[in-house]
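The lines below spell out each chain.
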Amino acid sequence: QVQLVESGGGLVQPGGSLRLSCAASGRIFSINDMGWYRQAPGKQRELVAVIRSGGNTDYADSVKGRFIISEDNAKNTVYLQMNSVKPEDTAVYFCKAVVRRNPGVVVSEFWGQGTQVTVSS
């Protein structure tokens, strides 16, 4: 089994910073990529950032230059450093991992339960 546990969410003022963490555990051979998504009330879930096994990253235009995704592959953990946050960043943030559980096996997708981030004065 594979589990993803997010942490680090909470209330932060506009212009402040927050760091989210997501730790993957269970039977994992390798992780193809890990990413962060978010969903605000009444809106669809959207990609925030993704980091692939080679270290390449991709960001949504709305967070580019403000957020940084990084990983500690020895711990199967991904981080999202959120800087200069805006009220529009308020959402539930979800971690996703694309995992190969055994050599030669098709990858599978796993999601965490989400952590609330609220940006407000």
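See above for the structure.
Residues numbered from 1 in each chain as written. Predicted model: local features only at pLDDT ≥ 70, side-chain atom pairs only at ≥ 80, totals over all residues. Heavy atoms only, no water.

*Asks:* Mind showing me how you'd approach the nonpolar core here?
*Replies:* Considering soluble globular proteins, one finds that nonpolar side chains tend to be buried as a cluster. Counting 29 residues, the largest nonpolar core has M34, W36, L80, M82 and Y93 as the members making the most contacts within it. Mapped by element, the contributors of at least two residues to this core are β3 (18–26), β4 (30–39), β5 (46–52), β7 (67–72), β8 (77–82), β9 (91–100) and β11 (115–119). When residues no more than four places from it in sequence are discounted, the contact partners of M82 are G16, S17, L18, L20, R66, F67, Y93 and V117. (Core = buried A, V, L, I, M, F, W, Y, C linked by side-chain atoms within 4.5 Å. Buried < 20%, exposed > 50% of the residue type's maximum accessible area, 1.4 Å probe, protein only. Helix = DSSP H or I, 4+ residues; strand = E, 2+ residues; numbered from the N terminus. Contact = heavy atoms within 4.5 Å.)

*Asks:* Explain the environment of S70 here, please?
*Replies:* Structurally, S70 can be placed in strand β7. Expressed as a C-alpha distance, the spacing of S70 and V50, which sit 20 residues apart in the sequence, is 8.9 Å. Discounting chain neighbours no more than four positions away, the residues touching S70 are I51, T77, V78 and Y79.

*Asks:* Any chance you could explain the packing of aromatic side chains here in plain terms?
*Replies:* Any pair of aromatic rings gets described here by the distance separating the centres and the angle formed by the planes. By the definition in use, this model includes one aromatic pair. For R45, the ring lying beneath its charged end belongs to W111, and the centroid distance is 4.8 Å. (Phe/Tyr/Trp six-rings, centres within 6.5 Å; stacked < 30°, edge-to-face > 60°. Lys NZ or Arg CZ within 6 Å of the ring centre and 35° of its normal.)

*Asks:* Where do I start with the pairing of β4 in this structure?
*Replies:* If a strand is regular, its side chains alternate between the two faces of the sheet. For β4, the tally of buried residues reaches seven of 10 residues, placing the bulk of the element in the interior. Between β4 and β5, which pair antiparallel in sequence order, lie six residues; one of them, G42, sits at a positive phi of approximately 80 degrees. (Pairing = 2+ DSSP bridges.)

*Asks:* I would appreciate a short explanation of the state of the cysteines in the present structure.
*Replies:* One covalent bond between the sulfur atoms of two cysteine residues makes up a disulfide. Per the counting criterion, the structure on display carries one disulfide. Each disulfide pairs two cysteine sulfurs, and for C22 the partner residue is C95, the sulfurs being separated by 2.1 Å. Taking the sign of the S-S torsion, -85 degrees for the link of C22 and C95, the bridge is left-handed. Residue C22 is located in strand β3, and its partner C95 is located in strand β9; the two are separated by 73 residues in the primary sequence. The exposure class of C95 is buried, given its relative accessible area of 0%. (Disulfide = S-S within 2.5 Å.)

*Asks:* Just to check I follow, could you spell out the sheet that holds strand β1 (residues 2–7) for this structure?
*Replies:* Sheet architecture is open: four strands sit in the order β1-β3-β8-β7, paired in antiparallel fashion. Only two strands of the sheet have a single neighbouring strand rather than two, namely β1 and β7. On average, adjacent strands in this sheet sit at an angle of 15 degrees to one another, irrespective of strand direction. Examined bridge by bridge, β7 and β8 share six bridges and lie antiparallel to one another. Note that in β8 the partner of I68 across the bridge is Q81. (Axes fitted to C-alpha atoms, helices over the stretch in contact; angles between N-to-C directions.)

*Asks:* Could you clarify how one ought to interpret unusual backbone geometry in this entry?
*Replies:* Glycine aside, residues mostly have negative phi angles, and peptide bonds mostly take the trans form. One non-glycine residue, N76, lies in positive phi territory at about 50 degrees. Tracing the sequence through the fold places N76 in the loop between β7 and β8. We classify N76 as partly exposed; its relative accessible area is 23%. Positive phi outside glycine occurs at S84, with the angle close to 50 degrees. Considering the arrangement of structural elements, one finds S84 in the loop between β8 and β9.

Geometric values such as these leave the question of function open.
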